[in-house]
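Now for the letters of each chain:
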Amino acid sequence: MDFQELRDMMVKTQLISRGIRDKRLLDAMKKVPRHLFLDESMQHKAYDDMALAIGEGQTISQPYMVAVMTELLEIEGEEKVLEIGTGSGYQAAILAELSKEVYTVERVQELSDRAAARLNALGYKNIHFRVGDGTAGWPEEAPFNRILITAGTPKIPEPLLEQLSEKGIIIAPVGDRFSQQIVKIVKSKGKFSESFHTPCVFVPLIGEYGWK
Ligand code: SAM
């Protein structure tokens, strides 16, 4: 199977055709080998237009959803980014291609270990891993210029708002257990403004400031 050809096709038919325009993001999605973030038995589906199972009842998000959320983060290159929900590690790789440092938190130890092994094997040196409840953020490393929550939450966890830098952006799927909408929070002069984007369905963010 020619995975590079499948990736180029994915970018053209699933991302560019639906309005994704950020050139650096499109290049990153052409480059990162998404199939290596899946079990071998699932690799033939890696470039399909859907979320896929990664074990432990969790998922790797649909490529288009990864692109929408990442484009909304408006990353230019020098940012310190916090990701909540490492999962397979694929989204962390995309963020690492675009920004300076990525801090990623996962509550399931095995998923974090597997993601770290893959990302180390791929040579990423700017991704830092933590196992725990990401709804509390990563206070020792705050503030962050960008924060991405990759699991569905009833509201933006308060600690993450506190750990966002001035001019920072948070992107998260906010809603009930079974359907959410992508919300963008921008911090300016200490105040938060929010806008609402694509409807979506994510696995739940489970933790002190998410779902119990
Ligand atoms: N970003 C991932 C990727 O690229 O594969 C996909 C993330 S998956 C949709 C959501 C992840 O969030 C799951 O791995 C889940 O275990 C994790 N999660 C849920 N609640 C969490 C929490 N409070 N802290 C950290 N991770 C959490």
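Here we summarise the structure given alongside this text.

Calculation criteria
- Residues numbered from 1 in each chain as written.
- Predicted model: local features only at pLDDT ≥ 70, side-chain atom pairs only at ≥ 80, totals over all residues.
- Heavy atoms only, no water.
- Core = buried A, V, L, I, M, F, W, Y, C linked by side-chain atoms within 4.5 Å.
- Buried < 20%, exposed > 50% of the residue type's maximum accessible area, 1.4 Å probe, protein only.
- Helix = DSSP H or I, 4+ residues; strand = E, 2+ residues; numbered from the N terminus.
- Contact = heavy atoms within 4.5 Å.
- Arc of directions from axis to C-beta.
- Polar contact = N/O pair within 3.5 Å; in protein donor to acceptor, adjacent residues only side chain to side chain.
- Near = heavy atom within 4 Å.
- Nonpolar A, V, L, I, M, F, W, Y, C, P; charged D, E, K, R; others polar.
- Pairing = 2+ DSSP bridges.
- Axes fitted to C-alpha atoms, helices over the stretch in contact; angles between N-to-C directions.
- Parallel < 35°, antiparallel > 145°, perpendicular 65-115°, else oblique.

To continue, consider the nonpolar core. Ranked by size, the top nonpolar core spans 46 residues in total, and within it Leu15, Ile20, Met29, Tyr90, Ile94, Ile171 and Ile182 carry the most contacts. Looking at this core, the elements with two or more residues in it are helix H1 (3-15), helix H2 (23-31), strand S1 (52-55), helix H3 (63-72), helix H4 (90-98), helix H5 (109-121) and strand S7 (164-175). Those residues in contact with Ile171, other than ones at most four positions away along the chain, are Met69, Leu72, Leu73, Ile147, Leu148, Ile149, Ile182, Val183 and Lys184. In terms of nonpolar packing, the next biggest core, distinct from the first, is built from 19 residues, Tyr103, Leu164, Val174 and Leu205 among them.

The subject of this paragraph is H2. Among the residues making up H2, those that are buried are Leu25, Leu26, Ala28 and Met29. All buried residues of H2 project into a common sector of 160° when viewed along the axis, lining one side. Among the exposed residues of H2, those oriented more than 90 degrees off its buried face are Lys23 and Lys31. Each element contacted by the buried residues of H2 is listed here: H1, H3 and H4. N-cap assignment for H2: the residue whose side-chain oxygen lies 3.0 Å from the backbone N of Arg24 is Asp22.

Neighbouring the ligand are 28 residues; Gly85, Ser88, Glu106, Gly134 and Ile206 lie closest to it. Between the ligand and Gly134 there is a distance of 2.8 Å, counted from a nitrogen atom to a backbone nitrogen or oxygen. Ile206 is positioned with one of its backbone polar atoms (N or O) 2.7 Å from a nitrogen atom of the ligand. Considering each element in turn, the shell around the ligand owes the most residues, three residues, to strand S2 (residues 58-60). Among the residues making up the shell around the ligand, the classes are represented as eleven nonpolar, 13 polar and four charged.

The next subject is the sheet that holds strand S9 (residues 191-200). Here seven strands make up an open sheet; going across it, the order is S5-S4-S3-S6-S7-S8-S9 and the pairing mixed. Looking at which strands have only one partner, the edges of the open sheet turn out to be strand S5 (127-131) and S9. For this sheet, the mean inter-axis angle between neighbouring strands, taken without regard to orientation, is 15°. Pairing of strand S4 (residues 101-106) with S5 involves five bridges; the strand directions are parallel. Directly across from Glu106, in S5, lies its bridge partner Val131.

Tracing the backbone through its elements, the reader meets Val66 in helix H3. Remark: the alpha-carbon pair of Val66 and Lys167, spanning 101 residues in sequence, is separated by 22 Å.

Right, let's talk about the packing of H1 against H3 for a bit. The contact between H1 and H3 brings their axes to 10 Å, and the two run at 70°. Taken together, the axes of H1 and H3 lie roughly perpendicular to each other. In contact with Met10, Gln14 and Leu15 of H1, H3 contributes Pro63, Tyr64 and Ala67. Classifying every residue of the contact of H1 with H3 gives five nonpolar, one polar and no charged.

The next subject is unusual backbone geometry. Cis geometry is found at the peptide bond from Ala142 to Pro143, where omega equals 5°. One non-glycine residue, Lys189, adopts positive backbone phi at about 50°. Inspection of the secondary structure assignment puts Lys189 in the loop between strand S8 (180-188) and S9. For Lys189, a relative accessible area of 77% translates into the label exposed.

Where S7 meets S8, seven bridges bridge the pair, whose relative direction is antiparallel. Along S8, the bridge assignment pairs Val174 with Gln181. Linkage of S7 to S8, two consecutive antiparallel strands, is achieved through a turn of four residues. Sheet topology note: the S8/S9 ladder contains eight bridges and is antiparallel. Its bridge partner being in S9, Ile185 is matched across the sheet by Glu194. Connecting S8 to the antiparallel partner S9 that follows it, the hairpin turn spans two residues, and Lys189 within it adopts a positive phi of roughly 50°.

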